[in-house]
Amino acid sequence: RYCRPAKSGPERSGSKPLSRELRKGATMDEIKGIARVKFHPGKVEEWKRLSKEAMEIVRTRDSGTLQYEIFFNEDESEAVVFERYRDADAAIEHFSNISHLMEPIMATASVTGEVLGTPNAKMKEQLGKGGPKLFTPWMALQDQKLAQED
């Protein structure tokens, strides 16, 4: 209905476990990413061009990307990229597929962000190299209509 039990361990200390099984819709295995982008002067068009390349890769090569959206503020000086992956392996696949674009993208903007979910060991290792901040699941509510079907 809502969530499956969270893993226990040091990273869960002080937290109450998630309580119920997710049967439909999003699961706690999903990895979500939020990238916050502040463009360097004169670089937004280059960032857009590179982002179009990334989007084409997402459409044609990624097998587990569920959502990949880009939002701009009013004057296009900043953007937010929202990403959802089936699981940690799908997120790793995505970043492997677009890895050749990362250096040129990072030359166009300052980027910070968060990863939301439970990474596997390989993803945890990659995040430990100074990547985005990691937030692990604590509680979730899915579509209440789906929950009421039971």
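Residues numbered from 1 in each chain as written. Predicted model: local features only at pLDDT ≥ 70, side-chain atom pairs only at ≥ 80, totals over all residues. Heavy atoms only, no water.

Moving on: the sheet that holds strand S1 (residues 31-39). Backbone-to-backbone hydrogen bonds join strands into a sheet, with any given pair of strands oriented parallel or antiparallel. Across the sheet, five strands lie side by side as S2-S3-S1-S4-S5; this open sheet has mixed pairing. At either end of the open sheet lies a strand with only one pairing partner, and these are strand S2 (65-72) and strand S5 (133-135). In this sheet, adjacent strand axes meet at a mean angle of 15 degrees when their direction is disregarded. Where S2 meets strand S3 (residues 78-85), seven bridges bridge the pair, whose relative direction is antiparallel. Counted as the bridge partner of Ile70 is Val81 from S3. (Pairing = 2+ DSSP bridges. Helix = DSSP H or I, 4+ residues; strand = E, 2+ residues; numbered from the N terminus. Axes fitted to C-alpha atoms, helices over the stretch in contact; angles between N-to-C directions.)

So, about the nonpolar core. Counting 26 residues, the largest nonpolar core has Ile31, Val37, Phe39, Trp47, Tyr68, Leu101 and Met123 as the members making the most contacts within it. The set of elements that each furnish at least two residues to this core consists of S1, helix H1 (44-60), S3, helix H2 (88-97), helix H3 (99-106), strand S4 (109-116) and helix H4 (121-127). Setting aside residues up to four positions removed in sequence, Met123 forms contacts with Ile31, Ala88, Ala91, Ile92 and Val115. (Core = buried A, V, L, I, M, F, W, Y, C linked by side-chain atoms within 4.5 Å. Buried < 20%, exposed > 50% of the residue type's maximum accessible area, 1.4 Å probe, protein only. Contact = heavy atoms within 4.5 Å.)

Two strands pair when backbone bridges link them, and S1 and S3 are joined in this way by eight bridges, in the antiparallel orientation. Of the residues in S3, the one forming a bridge with Gly33 is Glu83. What sits between the antiparallel neighbours S2 and S3 is a turn of five residues, in which Glu76 has the positive phi angle 55 degrees.

What follows concerns the confidence of the model for the protein. On average, residues of the protein score 83 in pLDDT, and 76% of them are at 70 or above. Counted against residues more than four places away or in other chains, residues 1-25, with its pLDDT under 50, gives 50 contacts. (pLDDT = per-residue confidence, 0-100.)

Here we take up the layout of surface pockets. Using a probe with the size of a water molecule, rolled over the atoms, empty space left in the structure can be pinpointed. Size it by volume and the largest pocket reaches roughly 880 Å³. Lining the largest pocket are 37 residues; nearest its centre among them are Glu83, Phe95, Ile98, Met102 and Pro132. For the lining of the largest pocket, the secondary-structure elements that each account for two or more residues are S1, H1, S2, S3, H2, H3, S4 and H4. The dominant element in the lining of the largest pocket, judged by the number of residues it contributes, is S1, at six residues. Residue classes in the lining of the largest pocket are distributed as 22 nonpolar, 10 polar and five charged. (1 Å grid on protein atoms, 1.4 Å probe; cavity = no way out; pocket = protein on both sides within 12 Å on 5 of 7 lines; lining within 4 Å. Points joined across faces, edges and corners; volume = space filled by probe spheres on them. Nonpolar A, V, L, I, M, F, W, Y, C, P; charged D, E, K, R; others polar.)

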